[in-house]
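# Secondary and tertiary structure notes
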Amino acid sequence: MSRVVRAETTRAGQLPAVAAVMSAAFLLAAVTGLASLVVSALPQLSFAQSLAYASLGVWGWNISRTVPGAQRFLRGTGVACLVLWFVGVFGGRDVPFGLLGLEPVDNLVHLGVAILALLLATIVSPRLTVD
């Protein structure tokens, strides 16, 4: 008898697409943040915050082509957003040179994205079945 081992692809197969959408959202936020330095009608983000979003977006776009890569990106994004939330809540405006202009709304967004990314990376995992 031969046994076939295959991964369940229902939810886990969609994880790279979810990670790609999240990385595209980070890239859009980075472009908007950099454009806000010139156009005052856009939501204001600091230069360092825009660079952090751009870095997460480029990294996610490159790594999220496979399920393990997407999980790695989502976990890393969750940790990075938790760090930004922590700095925003406990560091606030005391960050040197105002590099991170973290407002209370930014803190809530970072916390929400961190929770979402960590839940997606943890809950949606490929399961192996033996036939």
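In this report, the structure presented in the accompanying data block is examined. (Residues numbered from 1 in each chain as written. Predicted model: local features only at pLDDT ≥ 70, side-chain atom pairs only at ≥ 80, totals over all residues. Heavy atoms only, no water.)

### Observations regarding the overall build of the protein
What counts is decided by this rule: Per the convention used, a helix needs a DSSP run of H or I reaching at least four residues, while a strand needs a run of E reaching at least two, with both numbered from the N terminus. Burial here depends on accessible area, computed with a 1.4 Å probe over protein chains only, as a share of the maximum for the residue type. Under 20% is buried, over 50% is exposed, and the range in between is partly exposed. By definition, residues are in contact when any of their heavy atoms lie within 4.5 Å. Per-residue and other accessible areas follow the Shrake-Rupley method at a 1.4 Å probe size, with only the shown protein chains counted as cover for residues.
The helix and strand tally for the protein stands at 4 helices and 2 strands. Going from N to C terminus, the protein has its helices and strands arranged as β-α-α-α-α-β. When burial is assessed residue by residue, the protein has 32% of its 131 residues classed as buried. Pairs at least 24 residues apart make up 72% of the contacts formed inside the protein by residues separated by at least 6 positions. When the accessible surface of the protein is summed, it comes to about 7900 Å², and 72% of that surface belongs to carbon and sulfur atoms.

### Considering the environment of Gly13
The topology assignment puts Gly13 in the loop between strand E1 (5-7) and helix H1 (15-36). Distance in space between the C-alpha atoms of Gly13 and Thr66 is 8.5 Å, their sequence separation being 53 residues.

### A few points about the packing of aromatic side chains
Pairs of aromatic rings are described using the distance from one ring centre to the other and the angle between the two planes. Test applied: Aromatic pairing here means that ring centres of Phe, Tyr or Trp (its six-membered ring) are within 6.5 Å. Orientation follows from the plane angle: under 30 degrees is stacked, over 60 is edge-to-face, and everything else is tilted.
This model, assessed by the stated rule, comprises 4 aromatic pairs. A centroid spacing of 5.5 Å and a plane angle of 65 degrees characterise the contact between Trp59 and Phe73, whose relative ring orientation is edge-to-face. On the criterion of sequence distance, the pair formed by Trp59 in helix H2 (residues 47-63) and Phe73 in helix H3 (residues 67-91) is long-range, its members being 14 residues apart. We classify Trp59 as partly exposed; its relative accessible area is 34%. Aromatic pair Trp85 and Phe90: ring centres 6.4 Å apart, planes at 80 degrees, arrangement edge-to-face.

### Observations concerning the side chain of Ser23
Inspection of the secondary structure puts Ser23 in helix H1. If we skip the residues at most four places from it in the chain, Ser23 touches Gly57, Gly60, Trp61 and Phe73.

### As for H3
For clarity, the cut-off: Every helix has an expected span of 1.5 Å times one less than the residues it contains. Any pair of N or O atoms that falls within 3.5 Å is considered a polar contact. Within protein, one atom must be able to donate a hydrogen and the other to accept it, and sequence-neighbouring residues count only if both atoms are side-chain atoms.
Here H3 is 25 residues long and its end C-alpha atoms lie 35 Å apart, about the 36 Å a rise of 1.5 Å per residue gives. Among the residues of H3, Val67, Gly69, Ala70, Gln71, Phe73, Leu74, Thr77, Gly78, Cys81, Leu84 and Gly88 are the ones counted as buried. Considering only its buried residues, H3 is in contact with H1, H2 and helix H4 (104-123). N-cap assignment for H3: the residue whose side-chain oxygen lies 3.1 Å from the backbone N of Gly69 is Thr66.

### Notes on a nonpolar patch on the surface
Operational definition: For patch detection, residues must exceed 30% relative accessible area and be free of salt bridges, and they are connected within 9 Å for like charges or within 5 Å for nonpolar side chains (Val, Leu, Ile, Met, Phe, Trp, Tyr). Whenever Lys or Arg places a side-chain nitrogen within 4 Å of a carboxyl oxygen from Asp or Glu, that contact is recorded as a salt bridge.
A contiguous nonpolar patch, built from Leu34, Leu37, Val38, Val39, Phe47 and Leu51 and spanning about 560 Å² of accessible area, is present on the exposed surface. Mapped onto the fold, Leu37 is located in the loop between H1 and H2.

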